[in-house]
Every structure is written in structure tokens, then in C-alpha cells.
There are 6 protein chains.
Amino acid sequence: MERFANRGHNELRPISLEPGYVKNAAGSCFVKFGDTHVLCAATVEDKVPPFLRNTGRGWINAEYGMLPCAANERVEREAVKGKQSGRTQEIQRLIGRALRASLDLAVLGERQIKIDCDVIQADGGTRTASISGGFVALAFAVQSLLKRRKINKNPIVRQIAAISCGLVDGHALLDLDYAEDSTAEVDANFVMDDNLDIIEVQSTAEQRPFSKQTLSTLLELAEKGIKEVSNAQRTLFS
Amino acid sequence: MERFANRGHNELRPISLEPGYVKNAAGSCFVKFGDTHVLCAATVEDKVPPFLRNTGRGWINAEYGMLPCAANERVEREAVKGKQSGRTQEIQRLIGRALRASLDLAVLGERQIKIDCDVIQADGGTRTASISGGFVALAFAVQSLLKRRKINKNPIVRQIAAISCGLVDGHALLDLDYAEDSTAEVDANFVMDDNLDIIEVQSTAEQRPFSKQTLSTLLELAEKGIKEVSNAQRTLFS
Amino acid sequence: MERFANRGHNELRPISLEPGYVKNAAGSCFVKFGDTHVLCAATVEDKVPPFLRNTGRGWINAEYGMLPCAANERVEREAVKGKQSGRTQEIQRLIGRALRASLDLAVLGERQIKIDCDVIQADGGTRTASISGGFVALAFAVQSLLKRRKINKNPIVRQIAAISCGLVDGHALLDLDYAEDSTAEVDANFVMDDNLDIIEVQSTAEQRPFSKQTLSTLLELAEKGIKEVSNAQRTLFS
Amino acid sequence: MERFANRGHNELRPISLEPGYVKNAAGSCFVKFGDTHVLCAATVEDKVPPFLRNTGRGWINAEYGMLPCAANERVEREAVKGKQSGRTQEIQRLIGRALRASLDLAVLGERQIKIDCDVIQADGGTRTASISGGFVALAFAVQSLLKRRKINKNPIVRQIAAISCGLVDGHALLDLDYAEDSTAEVDANFVMDDNLDIIEVQSTAEQRPFSKQTLSTLLELAEKGIKEVSNAQRTLFS
Amino acid sequence: MERFANRGHNELRPISLEPGYVKNAAGSCFVKFGDTHVLCAATVEDKVPPFLRNTGRGWINAEYGMLPCAANERVEREAVKGKQSGRTQEIQRLIGRALRASLDLAVLGERQIKIDCDVIQADGGTRTASISGGFVALAFAVQSLLKRRKINKNPIVRQIAAISCGLVDGHALLDLDYAEDSTAEVDANFVMDDNLDIIEVQSTAEQRPFSKQTLSTLLELAEKGIKEVSNAQRTLFS
Amino acid sequence: MERFANRGHNELRPISLEPGYVKNAAGSCFVKFGDTHVLCAATVEDKVPPFLRNTGRGWINAEYGMLPCAANERVEREAVKGKQSGRTQEIQRLIGRALRASLDLAVLGERQIKIDCDVIQADGGTRTASISGGFVALAFAVQSLLKRRKINKNPIVRQIAAISCGLVDGHALLDLDYAEDSTAEVDANFVMDDNLDIIEVQSTAEQRPFSKQTLSTLLELAEKGIKEVSNAQRTLFS
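These remarks concern the structure in this document. (Residues numbered from 1 in each chain as written. Chains lettered and ligands numbered in written order. Predicted model: local features only at pLDDT ≥ 70, side-chain atom pairs only at ≥ 80, totals over all residues. Heavy atoms only, no water.)

The next point concerns the sheet that holds strand β1 (residues 15-19) of chain C. All names here are of chain C. Taken in spatial order, the five strands make up an open sheet running β1-β2-β3-β5-β4, and their pairing is mixed. Pairing within the sheet leaves two strands with one partner each, and these edge strands are β1 and β4 (59-66). When strand polarity is set aside, the average angle formed by the axes of neighbouring strands in this sheet is 15°. Note: β4 against strand β5 (residues 112-121), eight bridges, orientation parallel. If you follow Ala-62 over to β5, its bridge partner there is Ile-115. Against the sheet, helix α4 (residues 126-147) touches β1, β2 (27-33), β3 (36-45), β4 and β5, its axis set at about 35° to β3. (Pairing = 2+ DSSP bridges. Helix = DSSP H or I, 4+ residues; strand = E, 2+ residues; numbered from the N terminus. Axes fitted to C-alpha atoms, helices over the stretch in contact; angles between N-to-C directions. Contact = heavy atoms within 4.5 Å.)

Our focus in this paragraph is the pattern of salt bridges. In a structure, side chains of opposite charge can pair up when their charged atoms sit close to one another. Counted according to the given criterion, the structure contains 118 salt bridges over all chains. Note that Asp-35 of chain C and Lys-23 of chain B form a salt bridge whose closest N and O atoms lie 3.0 Å from each other. A residue pair is termed interchain when its members come from two chains, as with Asp-35 of chain C in the loop between β2 and β3 and Lys-23 of chain B in the loop between β1 (15-19) and β2 (27-33). Of the charged contacts, one joins Glu-200 of chain E and Arg-97 of chain E as a salt bridge, the two residues approaching to 2.6 Å between their closest N and O atoms. On the criterion of sequence distance, the pair formed by Glu-200 of chain E in strand β9 (residues 198-205) and Arg-97 of chain E in helix α2 (residues 86-100) is long-range, its members being 103 residues apart. In this structure Glu-200 of chain E comes out as buried when scored by relative accessible area, which is 3%. The network of salt bridges with common partners includes Arg-3, Arg-7, Arg-13, Asp-123, Asp-175 and Glu-180 of chain A. (Salt bridge = Lys/Arg side-chain N within 4 Å of Asp/Glu carboxyl O. Buried < 20%, exposed > 50% of the residue type's maximum accessible area, 1.4 Å probe, protein only.)

Once that is clear, we can look at the environment of Arg-149 of chain B. All names here are of chain B. Mapped onto the elements, Arg-149 comes out in the loop between α4 (126-147) and β6 (160-168). Taking relative accessible area as the criterion, Arg-149 reaches 71% and is therefore assigned exposed. Placed 77 residues apart in sequence, Arg-149 and Ile-226 show a C-alpha to C-alpha distance of 32 Å.

We now examine the interface of chain F and chain E. Taken together, the contacts link 27 residues of chain F with 27 residues of chain E. When chain F packs against chain E, close to 2500 Å² is buried across both sides, 54% of that on carbon and sulfur atoms. Ranking the residues of chain F by area buried against chain E places Glu-90, Ile-198 and Pro-209 of chain F at the top, with a combined share of 23%. Remark: the boundary between chain F and chain E carries six salt bridges. Among the salt bridges present, the one from Lys-212 of chain E reaches Glu-223 of chain F, with a minimum N-O distance of 3.2 Å. Where the side of chain F that touches chain E is concerned, the elements lending two or more residues are α2 (86-100), β9 (198-205) and α6 (212-235) of chain F. For β9 of chain E and β9 of chain F, the ladder comprises five bridges, and the chain directions are antiparallel. Counterpart to Val-201 of chain E in the pairing with β9 of chain F is Ser-203 of chain F. (Buried area = accessible area lost by both parts, 1.4 Å probe.)

Bringing the side chain of Thr-43 of chain F into the picture now. Along the chain, Thr-43 of chain F turns up in strand β3 (residues 36-45). Residue classification places Thr-43 of chain F among the buried residues on the basis of a relative accessible area of 15%. Once residues within four sequence positions are removed from consideration, Thr-43 of chain F is found in contact with Cys-69 and Arg-74 of chain A together with Gln-112, Ile-113, Lys-114 and Asp-116 of chain F.

Take chain A, turn it by 180°, move it 0.0 Å along the axis, and it overlays chain F with an RMSD of 0.0 Å. On the angle and the small slide along the axis, the relation comes out as a two-fold axis. (Least-squares fit on C-alpha atoms with pLDDT ≥ 70 in both.)

Okay, the sheet that holds strand β2 (residues 27-33) of chain D next. All names here are of chain D. Sheet architecture is open: five strands sit in the order β1-β2-β3-β5-β4, paired in mixed fashion. Looking at the sheet topology across the chains shown, the edges are occupied by β1 (15-19) and β4 (59-66). With strand direction ignored, the average angle separating the axes of adjacent strands in the sheet is 15°. Where helix α2 (residues 86-100) meets the sheet, its contacts fall on β4 and β5 (112-121), and the angle it forms with β4 comes to roughly 145°.

Our next topic: the arrangement of the chains. Over all C-alpha pairs, chain B and chain E never come within contact, reaching a minimum spacing of 12 Å. There is a clear gap between chain C and chain F: no contact, and 12 Å between their nearest C-alpha atoms.

Looking now at the pairing of β5 of chain D. All names here are of chain D. The element β5 is extensively covered by neighbouring structure, given that ten of its ten residues are classed as buried. Bridging between strand β3 (residues 36-45) and β5 involves nine bridges; their strand directions are antiparallel. By the bridge assignment for β5, Leu-39 is matched with Asp-118.

Taken together, the contact pairs 36 residues of chain A with 36 residues of chain F. Counting the surface lost from both chain A and chain F, the interface buries some 2700 Å², and carbon and sulfur atoms represent 49% of this. When the area that chain A buries against chain F is broken down by residue, the three leading residues are Asn-24, Arg-74 and Arg-77 of chain A, summing to 22%. Across the chain A-chain F interface, the total number found is twelve salt bridges. A salt bridge links Arg-77 of chain A to Asp-118 of chain F, with the shortest nitrogen-to-oxygen separation between them at 2.8 Å. When contributions to the side of chain A that touches chain F are tallied by element, the ones reaching two or more residues are β3 (36-45), β4 (59-66), α1 (78-81) and β5 (112-121) of chain A. If one sorts the elements of the side of chain A that touches chain F by residue count, β5 of chain A sits on top with six residues. Grouping the constituent residues of the side of chain A that touches chain F by class yields 17 nonpolar, seven polar and twelve charged. (Nonpolar A, V, L, I, M, F, W, Y, C, P; charged D, E, K, R; others polar.)

Below you can see the structure in the form of C-alpha cells.
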């Protein structure tokens, strides 16, 4: 199975993580996995959702959007349609859940960090890129809270990254691009910490049911990919 | 770990599948997993989504709703709020995806079967009950199409069922009720066919990351549960 | 004029009132008039509408919905359309107004009881069934307030029931089913208390204007029907 | 019981019907009942609702609105709130139903006449004023269709008018103004043709149930009022 | 270039300003420029937008609407469409901005005056008529605040009026009616105070770019028109 | 008056126009005026708005959006609020109007080019940057239509650019940044072609009325700025 640019079946696309991309956010990261480009930006807010008021605990939530011209075909602007699609909501709920797992929310204290993930260009894997880049934006926002002495202890307890895998034409592949993703028989997204413990697994048969063995194979590919993304994240914080 | 009504860790709640519950639907099933009660009803429509027009292929989609008084606390009516929540959309997308996997959509022909899943009472596992009951409603709607000679060949190629599992207080449990679900460390939903091949896996760390071994344990529990739900479904069609 | 199941012109369909149908509501009643099935459920809320704040008076309001597969033709889900139809709003305003007439709102105190009426199956007369069943749900919710000593005096001052009548093919009929209702020349809904005093009359010429005499005839039929519904309600409280 | 301006219990407020108030509508009427002022305007459209396509039959429907400053307290603009209230929808459904009763829709042919009723100033009875004035706008629009030979036969088969009555402080009164309406024990709206046959009756107990006798008394008052409104309408068409 | 009713190129249409048109508003003015009729009404509210709370400063804002039958072709009701159009929002933002310039908002104190401008009949120039009439409604609302001693000093620091001009078939014309406006090559709206200092200029090439000289010519026409409108306003306050 | 980075009163901020920024759009341009960064992207669509069907004429329209973290304070996502603000609609209507003036729409033929302008970072002047960058995206989309022989003749008849000016602390300044804009006494936006003929002027008194002389001064500054932006655009097409 030949991949674009002679990529191996277990190879990531070239990745780039550029922190500080926008000047107004508390933390930001422009993340690229090949031609998938996502701008992640973190904002610290002094309020929390109603169910957390007066608990001393904080919250992380995420919003996801795609510029109309990001994808192959122009996608109608959700602000014009008047609502976020089911796909958008599903993705931003996943990103929020994944990033919440990186913090001790009691240490964060009663504040919320909102992570905006806006896809500038889409070529497969926008949700996993959003998680991997969103963690960087979040970590820089936390550093700024520490620097400004809003919090005294680092609430981040584990590093989070994510990657997609899939079965394409019978081959298990790491980090699918759009062409691969749209013909995949099985599609899977993995979120893990830097010990390769699992935060979330979502795996779907796109064409026919798959075996436990296939799930294991994809999981192993994901471990390799996430280890590399974690390393790339780590270079920014040393 | 003691469960309600002395249920074993790998035991389902009492399940009941009552077909033909409403007289106007093409197929229907009132499904109960313990105190979780869902009314599933199938409608055949002669139109398909735009991307399928003139392809000769059909479609299955699902809508999910919860009566305001179904849950512990009254939930505001989505018709009043003016939109479906992200949770609702995520669930109905899952149900639709799962049920689509049961058919050869080319044999179904250019028509859509819509599966309405309305939760009358909620006690955990409403989405997996919707899939298991929705399959029954769908199968009866297909039988009616065959009887009325709208289609000549049965498009159903595999039986679909679903179950939830979780890690609660360190114990792997099958078919969580609400009390268990709301304190689970790991929460997982599995959709499989009657060969126990996988249609969808969704597993989330609610409190801390989990190992590959945990995922395997939950998968095995799910296999046992789904085998039993499949058997219950099968008795309706013999 | 022959009616379905040899029903007489002044006969009700078989009626059934099943209280306690859902475990989470403060009071509930699954009401059936023939093939018309409605689940009524009452929730007590500690807040009142703004215009009642600090008046010591309470409020009753109602919400009405229909499952998509309840009627002959599938009806689009209002949560998907993003708003309640004019018909839905008109009906739920009527139910609320009717049930408010059963209480002394000053004795209820500054709380609101919300009555959810969800049509599981529709065969004519869903709004009057909702009122008759909604009263039962309301009464059980009030009993629970009394038992839990939230209120010391019963605020219910009169029993409320409702029925539809109509002129079909020149014949005055009690309790129209869908087939009768859709061909009626005159359509009328009556809400009364158990002294047969009037709470609300709505009568509409569907095909041609009608005389005062016709209105009187329909009113007398309604009195007979409401007496029987009141009796059925009363058996639940003795 | 003394009424404003020494009005008798069975006297209408001064009424005025001014046709042709706006130049762009097919028919229009600025109607006043005392300080209640409503602009009614009719538009002929070449399309009908889907259920009437290819039936050769036409349709009448109505829309109702209130300028924000029409009432005692400014009412928020429904275009800003993003939806019509339940009250608005209930009123415009009543107006449409009432005016449809004035025509033979088969003679009208496959076109729709839309009646816009916009309240410029509100002092009670806006819905009945809208019906009485809406009939005038409709009749002028029909005359214009006849003149332009779009139809050959007059589809209007009866003249329609409406009035409100109520029980205030134990007295039955005709044509309530806002001060009377807001303290009424019983509130009733009547729509009749010029033979005083009934199109619609809506009567509601605002404070306590009422007897059949009260309903009769209010009906007789309405007959007197509607006769006078009909006469006023008739002077415009002779 | 001949204009309707032999109007000169620099002549206004007949204008009329009728204050006190509706009894419930704090101030109101029914303004006519030829066949353009707008009802402007002012409401005083005791709250201000969030960004002004506890600043001691007040606010003016405007809402604009058009009755469905005001224009040549019936325009769908924005309350039915569920939102205000971009055109409506642009116009009401302009009216609000223009009228705010007439007051010292610190003298007004922490209250808001809302100006509703509802077009009863449209024949070009509705936004400028709304500003000219809205100023009158505002001024009467301020007088009422002074009379009721809610404020001690008049916050109005300048009189505001507005007019449209345009280049039609090569001729610069004052106060365009609809027929002129819809064929104009250049369209301009001017808001000025009674010293003819500028509050707002908006000038748009509808067919081809225009020169600085054209802008000057239109500005001079506007000065003449606004002087006359200001005089008409002034007669109401002497 | 000292400006940031010692900029002269009639000096632009450093500008940059980077075409081809996203691979999927027919034409695109990432435009920077200092810290104001906007991504403009053009999509060619084969449909036109209803009023242009079967006229042989095309259309240009624009949509404008701002990433939540673009501005100083995070702005709520319009897709979440469920509608575009009045400000957004006003801006996108201006951009569309301005860019339409650059083409002969009959030569474009019955197709629409949609210009998406998304603000990545905001520091004043986002609407004028969107017009200047949008023209570049449009021109590249047109070149691609010519290359693919969808059209045979270039429909672009004039080059369009825009700039803001203002009076700040009594000084007339070119190309205001956010700090200047938010304290400006007068704010003006100019759109011109490369002959410096005017497409649109919008000038608003933010604090007190201004004279004709001020308008002239701002217009002259704008001419200088637009000449420079035009030159920068031109280097991309030679």
C-alpha cells in the first residue's frame, strides 16, 4: 500500500507545533499534521458552569469550528445556519473531555479554561490535531496563571495527545489523511497520556464489522504515534 | 461489590422487548433493561438524503429524545429550548451509524427508514437500549416492506445489539444502571453483530486513564451481554 | 350513524387511568381514551414565573408534546424543527389554564407544578385526555406535597375533566375519534368541574356556521361524558 | 356598574372602519374600537399551502402582530426575540379560521389571501377587532380580483364579524376594554356571520367556573354587538 | 429630469410630523415624507446595557421594523422568519447611533430610551424619516422626564435630522422616493445637527464609482433639506 | 501626536498580502495590516440568488467572521449564539457591495463568487483589510475561471481597495489601529478604485459632529492610503 510522499504505514505526517501564534490568547498553538492546520487558543475565565459554583473546582471546555474554505468543498458557516452541527458538537465534547483529563481540577481552582480549536485547513485528523495542539495552548495558559501567581501549584498532572488510525484496503495505517480516511473500512481515534494509558477510544466500522485483533493492531499503531506527538509537545516545555 | 437486586458483575438486568407497541409505525419495539424504558419506532420514507439521490441506495437514520420526566431530575424539553443538545445529537448519530451497519443499503433501495428512540424512563444505558430495541423495530419495518412486496430481498445482513460496561470502584461490571454509571471510573459502550464482531467501541476514562488490559476485560463482558441480547432479539423473529 | 365498535352517540370510548406510571415524577398518570394514549407527569419546582415572585402564590403550567410516531403520519420532531408549533402552544396553554382552575394558588404557595403531557399514540381527543389525565397527575403530586408536609392544606378546590364533542354528518357525537374528528362539521372541547360548571368552552364551525341549539346539544353531551370521566378519576382517590 | 364614558352594559365603543388605508395592499382596513386600533391588510398570493396543491381550492391565512409601543407596557418585538409567542400564534390561527369560513374556497381557486393584522394601539379586544376589520380587507381584495377578472364569481358566501363579552364584577358586559378585560371573571370571544349563526365560541373562566346560563347571557350580548358591527361593515360595500 | 408632482431637484416631498400619535408611549411622532409613513415611539427604561452599569451614563437605542404590507411587494414578517434581516439591523444601528449624538448621556443619567420606528408605508427614505421623526419622539420623552422631575436638566444638546440624496440619471436629487432610489447611480444618507455639522455620512456607488465633486454636490443638497426638516421639527417645540 | 512605532499621521502600518494561503479555495489571500490579520478566500458557486436566475448575470457576496480569540477580549462564537450579530452583518454587506463594484456581473455570467473573510487577529481596520484582501482572493478566483475556460473574458473592470481614517485627539490619522480607533472622535471608512473614484464612504461622529472640512481632510488621507494599497495589490498580478 503506497501512501502519499512514500509515508510508511506507521509513520506520522510532518508535524509542527507553533505556540504563541495569536497575541491576545492566554496560550495558543498553531498545530499542523501535514496539510491539516488548526489554531488552538486558550482563554481563562473567572466563572465556572453552574454545577461547579462554590465547589472550589475548575473546568476545561472546548469549542471547535472550521473556516468555510478549510475543506475540499466549502462548508456553510455555522453562524449563518444558526447552529452547530451534530458533528461539531460531538468533536468539541470529545476535545473538552480529553483535555479535562490532563488536570487536577481542584488545583486549578474555580475558573474555567476555554480551548478554541479552529480549523484553518482540513486534511483528515482535525479532532486529534485539536487535542494535541489544544494541550499545548492549555499548558501555556496554565504557565501564565502560575507566572501571574493566580495559582501556586501546577494543576497539570499528565500530558495528553491524540492520533487517528484506520484500516484502509486491509492495511492498518497511522495518522490518516483525508483521502485515506474517506475510504477507510475502520476508523479509530485514540487519546492517551504520555504513559500510553488510555483516555478515550472511539472505533467505528465504516464498511463491515471488525475483530478484536484489528482493534489491538490499531491500538499499537496509536501508541507509536502518540509517543512521537508527546515528544514533540515536550520539546516546547523544556 | 454488591449490585442492586444481587445482580452478578456479568449479569444483565431483566430485559424485555415488546414489538408492535404503537399501531401507526411500520415497526416498533418497547424495550426495557430494568428501569430503563425506551420506545423505538420505525418509519419508512420514500425520500433519501440529497447525497444518495439517484444512487439506488437507501439510508437509515435515528432520532433520540427523552421525555422531560424520564430522568431523576426533570430535563427541559428540547422543543422548548429550541434545539437538540450536543448529547442528544451524539447519541442519535451513534444509533443511526450502528443500525446502518445491519443492512445492505443497495438492497434496501432508494428509501430511508427513520428510527425514533424515545426514552420513557431512564436508568442508565439508554443509548445501548435504543440500539438493541431499534434493531427490532427496523427488522419489523423491513418485514412489512417484504410482505407488501416493496422489496424482494431481505436487506438485513446482520443482527445488531449493544451494551454498556464500566469500571466501578475497581470492578468491571456489565450493563450499568444510573447509580453505577454516575460513579464509574471507566465507561464503555459496545455495538456488535451476532458473531460478536465489532461495529463500534467507545470507551472513556471518567476519572483516570486506564490500561489496555481494562479495555480487554470490558470487551469480554460486553461479548457475554451482547450474546444474551442477541438471543432475546432472535426469539422474536423465529 | 354507526360508530366504531358499535359505540352509541353519547358513549365514551373505554377509558383507563393508570397512576404512578413513571417512577421519577412527583405524580403521573398514563391515560387512555380508546387508542389515544397520553403520559401525564407532574414536577414540583421551587420557582414561579417572574410576575408571581414574592406574592406567596403558586402556578401550574403545562407542556404538550407528541412522539413522532404517535399519529397516522409521522410528525416531525419539534426539537429538530427548533420550535413548538402554533397547535402545540395553543394546546398546552389550554391545559395549563384548565388545570390552574382546580387549585387555590395562594394555598399552593410560591411553587410551580409543571404538567408534562406526552402523546404516545393519537386517535383524536389528545388535548382533553391530557386535561383529564393531567388532573390525576397533579392531584398525586399535591398528595405527595401534603405527605412530605411541604404544604399543610390541600389546595385543590375542584376536580377538573374535559371531553370533546362534535357534529358529524348531522349527528351530535360524544368523544370523537380521529376518523370522526377529521370529518366533523362542528368540533367542540369542554372543560368542566365535577359540578358540571364550565371552565372553558371552545367550539368551532369546521364546515358551516351552527346554531345556538347545536351548541346546547353538544354541551349536554359533554356533561354526560365529563360526569363519567370525573367518576373514573374519583375511584383513584378514595 | 359604571363604564368609561357612561357606556351601557350592552353598548359597543365607538367603531370606525377605514378601508384603503395603505396603498400597496390588495385590500386594507384601519379598524378602531375605541382606543383599540388595528391595521388589517390583505395580500393575494399565487401559491397555496402544500396540502392544497392541485386541488383547485384556495386558502386564507392570517398573521397578527403588535407594535412594541401599542400596549400599556412596551412589549418586546417578536422579531428580536426570534419567535412569535404562543398568544400571537393562538390569535392568528383564530383569525385565519374565522375568515376562512366566509368564503367558498373552491370558488376562490388555487390562490391564498394573507391577512396581516397589526395592532397600532391596544385597549382590549384586539383579536375580535382584527377579525371584523380583516373581513373588510379581505372583501376589498376579493373585489379587486373580480375587477381584474382573476376570478369570475364572488367566493364570499357570508359576512363575518366578532366581538368580546365578559362577566365583570358580576355584570355581563359587551365589548370589554383593557381595564374591564383584566379584571373579568369570565372572558368570551364570539365569531358569527350576519345571520348570527356561530363560527367560533371561546369562553374561559378567569376566576371561577360559570354556569350554562352565563354562557347564554354572554351569547345574547354578542348577538347584539355583532349585528351592529355587521351593519357598519355593510355600509362600506353598498 | 421630471420628478413626480413636478417636484424640483432640490425640493423635499411634503412632510408632516404628528406628535402624540399613540397614547401609551412616553413620546411619539407619526412622520410622513410623501408616501413614506413611519410611526416613531419612545419608551424610557430604568436599565442600561451591561457595559454602562454603575457609570451614571444613559443610552439611546433604536429598533426598526416594517409592516409586511408597507412595501410594494409584501415582505415576510421578521417575527415569522425568526430573525431580523441584515438590512433591518444595519438601519436600526444607524438610527440609534444618530439619536445618541443628540444627548449628553451623562445628564440623561443611568436610564435607556428606546426608540421604536415602525414603517406603516414605504416609499423610499424610511431610515432618514425614522431619524427625523425619532428625534421628535425622543424630545417629547425627555420633556416628560423633565416634567415628572426624573431629571433636572435637559440632556438634549443638539437637534438631529436626516435626509437622503442621490444621483439619478446624472442628476443630483434631494429626498428620493422609491422609484428614484431604485434606479439611482449613487445613493447617500446624511445625518446632521441644526448647525449642519455632520453626524453621519453614508454614500454608495450603486452603478459606477463617483467623484469627490459628486459627494460635495450631494452634501449641499442635504444641507438644504436638513435645514427644512429642522425647521419643521422646531415648530413642535416652541 | 505620537503613534505606535513612530508612524507618521499619514502612514500605513506594514502591509502584507499573501495569496494562495489555503489550498482548497479558488483564490485566497492572507492579508496583514500590522497586527490585523485576515484570511480571505473565494469560492465559485454555480448558483445565483433567486432574483438573478435566468438573467445571465452573476453575483459576489461576502461572509465575515472573527475567531473567538482574535480580539483583546474573547468574543463569543456566533455559531454558539445561534446568529450573526448586527455588526457582522453590516460588515459583510459592506464587503460584498464593495467587491461587486469591481466586476461586470454580466461578463461573469450566471455564477456566484463567495468571499469568506475570517479575522485571525484583530487590531483595528478589519473591514477595510477584508475588502483589500478580498479583492485579491476574488481576482485569483477569476484568473482560475479564465484558465479553466469557464469564462472567456475578464469580468474585472476595476481594482478595489479600502482604508480607514479618523480624527483622534484633534489629529487626522490614516489607518487607525485598535487603540486609536477606540478613542477616535470621528471614524471613517473609504472604498475606492485605483483611479481614486469613490465606491463607498461611511463617516461617523463618535463624540461630536464634524465639519465638511474634516470630511475632506479624511478623504485626502484615504486617497494616499488607498493608492499604496492598490500598488501592493498590483505587484501580485504583474
